[in-house]
Amino acid sequence: MLAVSKPKIYESTGNLLVEILFSGSLAQGRLVEQFEQAFAGYIGTDYAIAVSSGTAALHLSLLAHGIDEGDEVITTPFSFIASANAILYCRAKPVFCDINPVSFNLDPALIEARITPRTRAILGVHLYGQAFDVAPILDICKRHNLVLIEDACQAHGAEYKGAKAGSFGTGCFSFYPTKNMTTGEGGMIATNDEQIAQRCRMLRNHGQTERYYHTALGFNARMTEIAAAIGLGQLERLEDFNLSRLNNARVLSTGLDNIPGLIPPAILPDRKHVFHQYTIRVTAGYSLTRDQLAKHLETNGVGYGIHYPLPIHHQPLYRDLGYDDCLPRAETASGGVLSLPVHPSLTHEDLNTIIEVIRSA
Ligand SMILES: *Cc1c(COP(=O)(O)O)cnc(C)c1O
């Protein structure tokens, strides 16, 4: 089976890990700090704070901005559940806004109708590795005095008008093994705001401002030295990884051109897409349903993913909480999307196999 995702780890990282393992320094230390500095330098922010996961990055970012009970945060229903759960962790209310059917990201034109006097933030997701429409959303934030949280968990290295995703508001990254770069488990917060950086550092370490002096209810959301060492090696290769993904995506889109009803992903203007996922849309004009195509891929040894089969507002948890809204574009997207392998370990032969299997469906 051709895996839909696969981390690429180099031998040099393996040697370094053995060294750390026997050094006696395993918890957050020098390497975590080094990784933070390198990551901030890459994203182009003044600060980066390493944490234990992308979910923790989102949670601590919202807390650092003071999001609390009764506050509303506008977000997308078409993402991994962690994007919205982070809002619930703060006892705040996610307010779902429908998406652009082509980019699958928040549609800025629909946001303002969702703003109320309780709205405090917009949490946008750079889905599949392509930046959401940052400029109009930043403009809404400025006019309504809202905080921008960027879920860049799928968008390490993606760009909007030449600047990196995650550098516009408070950027949140994940290093889960399926992402464009990994640390096993891990996350990072990127910001230019010194106060937010300080609050995130404090919250990830038990709300501690001095040793054994606790000023807030914090967490243990620290990163290990082992994770940081993996991350340093991955960050060095991220540009190569992303270039491979982009080239693989180009090969797939050329090979899948002109199949009626089957729509390859669009690269929008002013974007650098890093293809965390290569996600096609199976529409009514195609000869099979999405699920029939998925079955055909599986039978022929091509792994695939459905990101995501149920929009967040329709998840049982959210239905029970009363979020049973009508968001037709997110619902249509859930029924039609299918992600194909695009990761950097694919060979030309693999890519041709994917194309041939789909063409034979
Ligand atoms: C992976 C992911 C997360 C969560 O990251 P973890 O490191 O798994 O906690 C959040 N949002 C999106 C969009 C993701 O893809």
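Just so we're clear, the structure is a prediction, and the values are computed from it rather than from any experiment.

The rules behind each value
- Residues numbered from 1 in each chain as written.
- Predicted model: local features only at pLDDT ≥ 70, side-chain atom pairs only at ≥ 80, totals over all residues.
- Heavy atoms only, no water.
- Helix = DSSP H or I, 4+ residues; strand = E, 2+ residues; numbered from the N terminus.
- Rg over C-alpha atoms; globule rule 2.2 N^0.38 Å.
- Areas by Shrake-Rupley, 256 points an atom, 1.4 Å probe, with all protein chains shown as cover.
- Lys, Arg positive; Asp, Glu negative; His and termini not counted.
- Charge placed at Lys NZ, Arg CZ, Asp CG, Glu CD.
- Pairing = 2+ DSSP bridges.
- Salt bridge = Lys/Arg side-chain N within 4 Å of Asp/Glu carboxyl O.
- Buried < 20%, exposed > 50% of the residue type's maximum accessible area, 1.4 Å probe, protein only.
- Domains from an automatic or database assignment.
- Contact = heavy atoms within 4.5 Å.
- Buried area = accessible area lost by both parts, 1.4 Å probe.
- Near = heavy atom within 4 Å.
- Polar contact = N/O pair within 3.5 Å; in protein donor to acceptor, adjacent residues only side chain to side chain.
- Nonpolar A, V, L, I, M, F, W, Y, C, P; charged D, E, K, R; others polar.

*Asks:* Can you break down the overall build of the chain residue by residue, with the values?
*Replies:* On a plain count of helices and strands, the chain comes out with 11 helices and 15 strands. Against the compact-globule benchmark of 21 Å for 361 residues, the chain has a radius of gyration of 20 Å, which places it among compact chains. Accessible area for the chain stands at about 15500 Å²; split by element, carbon and sulfur atoms hold 51% of it. When the 29 positive and 36 negative side-chain charges of the chain are each reduced to one mean point, those points stand 1 Å apart.

*Asks:* Would you mind going over the sheet that holds strand 15 (residues 337–340) in detail, with residue names and values included?
*Replies:* Within a sheet, adjacent strands bond to each other through the backbone by hydrogen bonds, running parallel or antiparallel. Across the sheet, three strands lie side by side as 12-14-15; this open sheet has antiparallel pairing. Edge positions in the open sheet fall to strand 12 (262–263) and strand 15, since each of these has one partner strand only. Across two bridges, strand 12 lies against strand 14 (residues 278–282) in antiparallel orientation. Counterpart to Ile263 in the pairing with strand 14 is Arg281.

*Asks:* I'd like a rundown of the sheet that holds strand 13 (residues 271–272), residues and numbers included.
*Replies:* Reading across from one edge, 7-6-13 is the order of the three strands in this open sheet, with antiparallel pairing throughout. Only two strands of the sheet have a single neighbouring strand rather than two, namely strand 7 (163–164) and strand 13. Pairing of strand 6 (residues 159–160) with strand 13 involves two bridges; the strand directions are antiparallel. Bridge assignment links Glu159 to a residue of strand 13, and that residue is Lys272.

*Asks:* Would you mind going over the pattern of salt bridges in detail, with residue names and values included?
*Replies:* Side chains bearing opposite charge may pair, as long as their charged atoms lie close to each other. Under the definition given, this model contains 11 salt bridges. Glu239 serves as the salt-bridge partner of Lys272, at 3.6 Å between the closest nitrogen and oxygen. Highlighted residues: Lys272 in strand 13 and Glu239 in helix 7 (residues 225–255), separated in sequence by 33 residues. For Lys272, a relative accessible area of 26% puts it in the partly exposed group. Its relative accessible area of 38% is what places Glu239 among the partly exposed residues. Note that Asp291 and Arg290 form a salt bridge whose closest N and O atoms lie 2.8 Å from each other. On the accessibility criterion, Asp291 (51% relative accessible area) is exposed. Relative accessible area serves as the criterion here: at 9%, Arg290 is assigned to the buried category.

*Asks:* Account for the domain arrangement of the chain, with residues named and values stated.
*Replies:* When its domains are assigned, the chain resolves into domain 1 (11–234) and domain 2 (238–360). Of note, the centres of domain 1 and domain 2, computed from C-alpha atoms alone, are 24 Å apart. Domain 1 puts 44 residues into the contact, and the matching count from domain 2 is 36 residues. A buried area of about 3500 Å², summed over both sides, lies between domain 1 and domain 2, and 59% of it is on carbon and sulfur atoms. Broken down residue by residue, the surface that domain 1 buries against domain 2 is led by Tyr128, Gln130 and Asn180, which jointly contribute 20%.

*Asks:* I'd like a description of the site of the ligand, backed by residues and values.
*Replies:* As a structural note, the neighbourhood of the ligand is formed by 15 residues, with Gly54, Thr55, Asp151, Ser174 and Lys179 the closest of them. Separating an oxygen atom of the ligand from a side-chain N or O atom of Thr55 is a distance of 2.5 Å. Within the side chain of Asp151, one N or O atom sits 2.8 Å away from a nitrogen atom of the ligand. Surface burial for the ligand is 93%, taken as the share of its 390 Å² of free accessible area covered by protein chains. Broken down by secondary-structure element, the contributors of at least two residues to the shell around the ligand are helix 3 (54–64) and helix 4 (82–89). It is helix 3 that contributes the most residues to the shell around the ligand, three residues altogether. Grouping the constituent residues of the shell around the ligand by class yields five nonpolar, eight polar and two charged.

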